Amino acid sequence: MKPWICLLGLRSSGKTTIGKTLASQLSWTFFDIDQLLVEQEGKSISELFEIFGESHFRVLETQCLFSLPNYNLVLSTGGGMIENREGMKYIRKRATCIYLDVSLEILIERRKNDPGDRPRLFGARNIEEEYVIALERRSNLLKNAADLVLQIDQDTSALDICERIRRGCGIQ
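What counts and how
- Residues numbered from 1 in each chain as written.
- Predicted model: local features only at pLDDT ≥ 70, side-chain atom pairs only at ≥ 80, totals over all residues.
- Heavy atoms only, no water.
- Pairing = 2+ DSSP bridges.
- Helix = DSSP H or I, 4+ residues; strand = E, 2+ residues; numbered from the N terminus.
- Axes fitted to C-alpha atoms, helices over the stretch in contact; angles between N-to-C directions.
- Contact = heavy atoms within 4.5 Å.
- Phe/Tyr/Trp six-rings, centres within 6.5 Å; stacked < 30°, edge-to-face > 60°.
- Buried < 20%, exposed > 50% of the residue type's maximum accessible area, 1.4 Å probe, protein only.
- Lys NZ or Arg CZ within 6 Å of the ring centre and 35° of its normal.
- Salt bridge = Lys/Arg side-chain N within 4 Å of Asp/Glu carboxyl O.
- Parallel < 35°, antiparallel > 145°, perpendicular 65-115°, else oblique.
- Left-handed = near helix turned anticlockwise from the far one by under 90°.
- Nonpolar A, V, L, I, M, F, W, Y, C, P; charged D, E, K, R; others polar.
- Core = buried A, V, L, I, M, F, W, Y, C linked by side-chain atoms within 4.5 Å.

Undergrad: Mind laying out the sheet that holds strand S5 (residues 148-152), listing which residues take part and the relevant values?
TA: The strand order across the open sheet built from five strands is S2-S3-S1-S4-S5, with neighbouring strands paired in parallel fashion. Lying at the two open borders of the sheet, with one neighbouring strand each, are strand S2 (29-32) and S5. Ignoring which end each strand starts from, the neighbouring axes of this sheet average 20° apart. Across four bridges, the pairing between strand S1 (residues 4-8) and strand S3 (residues 73-76) is parallel. Paired with Leu 7 across the two strands is Ser 76, which belongs to S3. Those strands touched by helix H1 (residues 15-26) are S1, S2, S3 and strand S4 (95-102), and its axis lies near 165° from that of S2.

Here it is as structure tokens:
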């Protein structure tokens, strides 16, 4: 068993919610990379993208990974971490990676209900287009990086997902 569990997925896939629940169940530490960056830089993710651009944001994201403890850690990544080669290489050495695979329809509905302060990606004109492009670009990367792929539907509870993750990782 690797010392980290890393949750991967697109925006609004439930990484933070599941991560907090799982970490609590395991008595491990939970870290959300985006939240850490907001705290360290004193700016929102949207502001960081606007000021630095995506490529420098990925550098900040990777530096943030290097500062994390080496054991008993549940990590929620930003949706774009999968395109960060250096960051993913570092994660893959330390973590069992879980891809929370959520349908396009559910992602869009969740995002409409909680738009948050997130930068618009890929030059998309709307949320739907953004997710379609994200799935095209990232779906295979996510599946290939994952040690475990979990299909998540609207009725799956956080507790059920955490149980599936623990079983998949061999943790009771």
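Now that the structure is up, let's keep going.
Undergrad: Describe the environment of Trp 4, with residues and values.
TA: With respect to the helices and strands, the residue Trp 4 is situated in strand S1. Along the sequence, Trp 4 and Leu 75 sit 71 residues apart, while their C-alpha atoms lie 7.2 Å from each other.

Undergrad: So what about the packing of aromatic side chains? Which residues, and what values?
TA: The description of two aromatic rings rests on the distance between their centres and on the angle between their planes. In this structure the tally under the stated criterion is three aromatic pairs. Here the aromatic rings of Phe 66 and Tyr 90 are separated by 4.8 Å at their centres, their planes lie at 70°, and the arrangement is edge-to-face. Of this pair, Phe 66 sits in helix H3 (residues 45-66) while Tyr 90 sits in helix H4 (residues 85-94), placing them 24 residues apart in sequence. Under the relative-accessibility criterion, Phe 66 is labelled partly exposed at 43%. Here the guanidinium or amino end of Arg 94 rests over the ring plane of Tyr 90, the centre of that ring lying 3.4 Å away.

Undergrad: Explain the pattern of salt bridges residue by residue, including any values.
TA: Charged atoms that come close allow side chains of opposite charge to pair. Counted by the stated rule, this structure contains seven salt bridges. Put simply, Glu 83 and Arg 138 hold a salt bridge, and the shortest N to O gap is 2.5 Å. Linking Glu 83 in the loop between S3 and H4 with Arg 138 in helix H6 (residues 127-145), this pair joins segments that are 55 residues apart in sequence. A relative accessible area of 27% places Glu 83 in the partly exposed class.

Undergrad: So what about the packing of H1 against helix H7 (residues 158-169)? Which residues, and what values?
TA: Where H1 meets H7, the closest approach of the two axes is 9 Å, and the angle between their N-to-C directions is 60°. Between H1 and H7, the interaxial angle falls into the category oblique. In terms of crossing hand, the pair formed by H1 and H7 is right-handed. Of the residues in H7, those touching H1 at Thr 17, Ile 18, Thr 21, Leu 22, Gln 25 and Leu 26 are Ala 158, Leu 159, Ile 161, Cys 162, Ile 165 and Arg 166. Of the residues in the contact of H1 with H7, the class split is eight nonpolar, three polar and one charged.

Undergrad: Now, about the nonpolar core: what can you tell me, with residues and values included?
TA: Core analysis: the largest hydrophobic core is formed by 53 residues, its most contacted members being Ile 5, Leu 68, Leu 75, Ile 91 and Ile 165. Considering each element in turn, this core owes the most residues, seven residues, to H3. Not counting chain neighbours up to four residues away, the residues in contact with Leu 68 comprise Trp 4, Phe 31, Ile 33, Leu 36, Leu 73 and Leu 75.

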